[in-house]
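Survey of secondary and tertiary structure
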Amino acid sequence: MLRPSPAPAPALRSVLAALGSPTAVREARTPALRAAQGPLSPELPLPVHVLDVRDQVVPSGQEPRTRLVGWRFLIRGTDRAVAAADTMLTPDGWSFSHFFEGPYVTATERALLQAETLPTTYQPRLLSVPELYMLTLWLHGDTEADGGSASPAPADLLVPLAPAPPGIASHRPHRVADLLPVLTLRLAPPPLFGTPAPA
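Just so it is clear, the structure is predicted and the values come from calculations on it, not from any experiment. (Residues numbered from 1 in each chain as written. Predicted model: local features only at pLDDT ≥ 70, side-chain atom pairs only at ≥ 80, totals over all residues. Heavy atoms only, no water.)

1. Regarding the environment of valine 105
The test is simple: Secondary structure elements are defined from DSSP: runs of H or I of at least 4 residues count as helices, runs of E of at least 2 residues count as strands, and each element is numbered from the N terminus. In what follows, residue pairs with any heavy atoms lying within 4.5 Å of each other are defined as contacts.
With respect to the helices and strands, the residue valine 105 is situated in helix α4 (residues 103–116). Ignoring any residue separated from it by four or fewer positions in sequence, one finds valine 105 in contact with Leu74, Ala81, Ala83, Ala84 and Phe100.

What follows is the structure, given as structure tokens:
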């Protein structure tokens, strides 16, 4: 079961304004959005956090740090999500950034449906790992937390969205404590030539 955190009201208003602007919709590189018939509505707001694995030296027992970079809304047509809208924080507050479509829209919708069937209640978020071109659905265990705060707890779940990096199964939930070391290892710099490998 999922309990989404409410998005900041200015973020939602900016997306509604963009959806109501023929210019914003027409200029978006989203053929599915332009071709959609019937009303479009922003749904399932998800805070988007970034995890910079290269900079993570996390002492044992501490949680990795993330930073909030935006809120994402799935744009629903009559029967499915046809696109997504991102917002970003500016000096004047939350504002619309852009519309987009592609595999992550479908993968996000699929992962959210899968998460609804889990026996535990989670707060859904998105966690991006830019160095690996990886996006995950982050299922946070503290459903009362502010969606823009907190870090992944060891027992939180990460569900890699398709397309996932090679060797990481998409749409399979992983505990943060299990997946984070794998990601950190993938991004570790190779040993210098002539330097003995660590034991």
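2. Quick look at the nonpolar core
Looking at soluble globular proteins, one finds that nonpolar side chains tend to be buried together. As a reminder, the rule being used: Residues belong to a common nonpolar core when they are buried Ala, Val, Leu, Ile, Met, Phe, Trp, Tyr or Cys residues joined through side-chain atoms within 4.5 Å. The cut-offs for exposure are 20% and 50% of the maximum accessible area for each residue type, with area from a 1.4 Å probe on protein chains only; residues under the lower value are buried, those over the upper are exposed, and the others partly exposed.
If you look at the biggest cluster of nonpolar residues, it comprises 20 residues, and the most contacted ones within it are Leu126, Leu137, Leu139 and Leu161. Contributions of two or more residues to this core are made by β1 (41–50), β3 (81–90), α4, β6 (134–140) and β7 (157–160). Sequence-distant contacts of leucine 161, that is, excluding residues within four places in its chain, are made with Tyr104, Ala107, Thr108, Ala111, Leu126, Leu135, Thr136, Leu137, Ser170 and His171. Of all hydrophobic cores here, the second largest spans 15 residues; its members include Ala18, Phe73, Ala83 and Trp94.

3. Structural notes on the pairing of β3
What counts is decided by this rule: Paired strands, as defined in this entry, are two strands with at least two bridges between them according to DSSP.
The element β3 is extensively covered by neighbouring structure, given that seven of its ten residues are classed as buried. By the bridge criterion, six bridges tie strand β2 (residues 67–76) to β3 in an arrangement that is antiparallel. Among the inter-strand pairings, leucine 74 is bridged to a residue of β3, identified as alanine 84. Hairpin connection between β2 and β3: a loop of four residues separates the two successive antiparallel strands. In the sheet, β3 pairs with strand β4 (residues 93–100) via seven bridges, with the strands oriented antiparallel. Following the sheet pairing, alanine 84 is matched in β4 by phenylalanine 100. The hairpin turn running from β3 into β4, its antiparallel successor, is two residues long.

4. Quick word on the pairing of strand β5 (residues 123–129)
Burial analysis of β5 places seven of its seven residues in the buried class, the great majority of the element. Neither face of β5 is exposed, since Gln123, Arg125, Leu127 and Val129 on one face and Pro124, Leu126 and Ser128 on the opposite face are all buried. Pairing of β1 with β5 involves three bridges; the strand directions are parallel. If you follow valine 50 over to β5, its bridge partner there is serine 128.

5. Digging into α4
Quick reminder of the rule: What a helix should span is 1.5 Å times the count of its residues minus one.
The end-to-end C-alpha distance of α4 is 20 Å, a good match for the 20 Å that 14 residues give at a rise of 1.5 Å each. Residues Val105, Ala107, Thr108, Glu109, Ala111, Leu112 and Ala115 constitute the buried set of α4.

6. Re the sheet that holds strand β8 (residues 174–175)
Operational definition: In this analysis, axes come from line fits to C-alpha atoms, helices being fitted only over the stretch in contact, and the angle between any two N-to-C directions falls in the range 0 to 180 degrees.
Read from one edge to the other, the open sheet built from eight strands follows the order β4-β3-β2-β1-β5-β6-β7-β8, with strand pairing classed as mixed. Two strands in the sheet have a free side with no partner beyond their single neighbour: β4 and β8. The strands touched by helix α1 (residues 9–19) within the sheet are β1, β2, β3 and β4, with β4 carrying the most contacts at an inclination of about 40 degrees.

7. A few points about the layout of surface pockets
The cut-off we apply is this: Buriedness for pockets is judged along seven lines, at least five of which must meet protein on both sides within 12 Å for an open set on the 1 Å grid over protein atoms alone, while cavities are sets there where a 1.4 Å probe fits but cannot get out, and lining residues have an atom within 4 Å of a point. Grid points are joined across faces, edges and corners, and a volume is the space filled by probe spheres set on the points.
Empty space within the second largest pocket amounts to approximately 150 Å³. What lines the second largest pocket is simply Val48, Val50, Val69, Arg72, Asp86, Phe100, Tyr104, Ser128, Tyr133, Met134 and Leu135.

8. A few points about the environment of threonine 136
Counting through the fold element by element, threonine 136 comes out in strand β6. In this structure threonine 136 comes out as buried when scored by relative accessible area, which is 2%. Sequence-distant contacts of threonine 136, that is, excluding residues within four places in its chain, are made with Arg125, Leu126, Leu127, Leu158, Val159, Pro160 and Leu161.

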